[in-house]
Amino acid sequence: MPVGTQATVKGMTPDQLRSLSVEILLCNSYHLMLRPGHAAVGRLGGLHHFMGWDRPILTDSGGYQVFSLSALREIGDDGVEFRCHLDGSTHFLSPEGAIDIQRALGSDIMMALDDCLGFPAEHSAALASMKRSMSWAGRCHAHFQKVADDRQALFGIVQGGVYTDLRRESAERLVNLGFPGYAIGGLAVGEPNAAMYEVIEKVEPFLPDDRPRYLMGVGTPTDLIECVALGVDMFDCVMPTRHARNGSLFTRDGRIVIKHAQYKEDPGPIDSTCGCPVCQTYSRAYLRHLFMANEILSSVLNTIHNLYFYLDTMRRIRQFIEFHTYDELLTEFRRRSSSAMEE
Ligand SMILES: [Zn+2]
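Reading the values: the criteria
- Residues numbered from 1 in each chain as written.
- Predicted model: local features only at pLDDT ≥ 70, side-chain atom pairs only at ≥ 80, totals over all residues.
- Heavy atoms only, no water.
- Donors = N, O, S within 2.8 Å, 3.2 Å for Na, K, Ca; no water.
- Tetrahedral: all angles 85-135°; square planar, octahedral: opposite > 155°, others 65-115°.
- Buried < 20%, exposed > 50% of the residue type's maximum accessible area, 1.4 Å probe, protein only.
- Core = buried A, V, L, I, M, F, W, Y, C linked by side-chain atoms within 4.5 Å.
- Helix = DSSP H or I, 4+ residues; strand = E, 2+ residues; numbered from the N terminus.
- Contact = heavy atoms within 4.5 Å.
- Phe/Tyr/Trp six-rings, centres within 6.5 Å; stacked < 30°, edge-to-face > 60°.
- Lys NZ or Arg CZ within 6 Å of the ring centre and 35° of its normal.
- Lys, Arg positive; Asp, Glu negative; His and termini not counted.
- Salt bridge = Lys/Arg side-chain N within 4 Å of Asp/Glu carboxyl O.
- Polar contact = N/O pair within 3.5 Å; in protein donor to acceptor, adjacent residues only side chain to side chain.

This brings us to the coordination of the zinc ion. Those protein atoms acting as donors to the zinc ion are Cys 274 (SG), Cys 276 (SG), Cys 279 (SG) and His 305 (ND1), and they sit at 2.1 to 2.3 Å. Note that the zinc ion binds four donor atoms; their angles at the metal cover 102 to 115°, and the shape is tetrahedral. Sequence positions of the residues that donate to the zinc ion give the spacing C-x1-C-x2-C-x25-H. Classification of Cys 276 by relative accessible area gives buried; the value is 0%. By relative accessible area, Cys 279 is classed as buried at 9%.

One finds Leu 47, Leu 93, Ile 200, Leu 215 and Phe 235 to be the most contacted residues of the largest nonpolar core, which totals 90 residues. Counting residues per element, this core draws most heavily on helix 14 (residues 296-322), at 11 residues. Not counting chain neighbours up to four residues away, the residues in contact with Leu 215 comprise Ile 184, Leu 187, Ile 200, Cys 227, Val 232, Met 234, Phe 235 and Asp 236. Formed by 13 residues, the second largest nonpolar core is a distinct cluster that contains Met 1, Leu 26, Met 111 and Ala 183.

This paragraph deals with the packing of aromatic side chains. Geometrically, a pair of aromatic rings is defined through the distance of the ring centres and the angle of the planes. If you walk through the whole model with that rule in mind, you get five aromatic pairs. Ring geometry for Phe 250 and Tyr 310: centres 5.1 Å apart, planes at 80°, overall edge-to-face. Linking Phe 250 in strand 11 (residues 248-251) with Tyr 310 in helix 14, this pair joins segments that are 60 residues apart in sequence. The exposure class of Phe 250 is buried, given its relative accessible area of 5%. Taking the relative accessible area as the measure of exposure, Tyr 310 reaches 8% and is therefore buried. Both rings, one in Tyr 282 and one in Tyr 286, keep their centres 5.4 Å apart while their planes meet at 20°; by these two values the pair is stacked. You can call Tyr 282 partly exposed: its relative accessible area is 28%. According to the relative accessible area criterion, Tyr 286 is partly exposed, its value standing at 32%. Over the ring of Tyr 308 we find Arg 315, and its NZ or CZ is 5.4 Å from the ring centre.

Right, let's get into the side chain of Asp 223. In this structure, Asp 223 sits in helix 10 (residues 221-229). Notably, Asp 223 is buried but unbridged: the nearest opposite-charge side chain belongs to Arg 255, and the N-O separation is 9.8 Å. A polar contact of 2.7 Å, which involves the side chain of Asp 223, links it to the side chain of Tyr 197. Filtering out sequence-adjacent residues up to four positions away, Asp 223 remains in contact with Asn 193, Met 196, Tyr 197 and Val 218.

For the structure shown, the criterion picks out 20 salt bridges. Across the salt bridge formed by Asp 149 and Arg 151, the nearest N and O atoms sit 3.0 Å from each other. Classification of Arg 151 by relative accessible area gives exposed; the value is 66%. As a salt-bridge pair, Arg 173 and Glu 169 come within 3.5 Å of each other at their nearest N and O atoms. In this pair, Arg 173 and Glu 169 both sit in helix 8 (residues 164-177), four residues apart, roughly one turn of the helix.

Listed below in structure tokens is the structure:
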């Protein structure tokens, strides 16, 4: 899922996203509840109509941004009171409120409110945070049953830091409640990659095989390949779009930084194996020029390429799974990423 924080994937029109075969977007409830306001979006026909996007949208609960962006005032059992990062106004986000906000936005998949634990965290802190998240998940689930219809789905989020026993308890409690999909949250917050992979490997057997597993906020192309091997189905990450705007472009041999002088007169495409419209038309030299001249088109073209690269990686993953040759893809990626790191 490309990330459309403010009801837009930065620099992309919905038509461009559709032409890249984007199937689903993520939008951030935190930003939209504060500006323009979820009620306003609801009155304007909901998020799909508001932003002109007719395919699925997943919204997060707002919790993650409350914990990472705003000046926190107080977390209690009932929810979290916080100060808006834009104007300093005070707001309260409860589990029920998070559902109501996502109802107003009209997303197809909404997420339960969870308590976001930092890294590193002691076992006792991770336990308390997981328990609060599970209590909130129960309240979100109950409120959702009351107010939602079958056009929207609510996913639960497994928490518990890097502790296997806590992750297992969290997964079991969510499965008991019964959700149509399960997210693994609280990863990619600074822990080593090996720890992240280990948590996924340990928690995955406790999640139902016939429900999607969604790894939140991850990651690099290598993470996608490795985590699908561990049983993950869905991802969201700002990496392809944010890196694009910073001139960092993904290729099968690792990332290139387009502003580097070596590309000044390079007539070749970003990646000669890439089928995206940018690689069919423009040279590295032109893309470097746009970046150096601070042209808007630089962000647009770089984003098209990076999103295509990510979506194409997922297409290849699906293809290799269908042909029962996933191990080959995994081996190829591990070889390429280790040689890219040596360069
Ligand atoms: Zn390309």
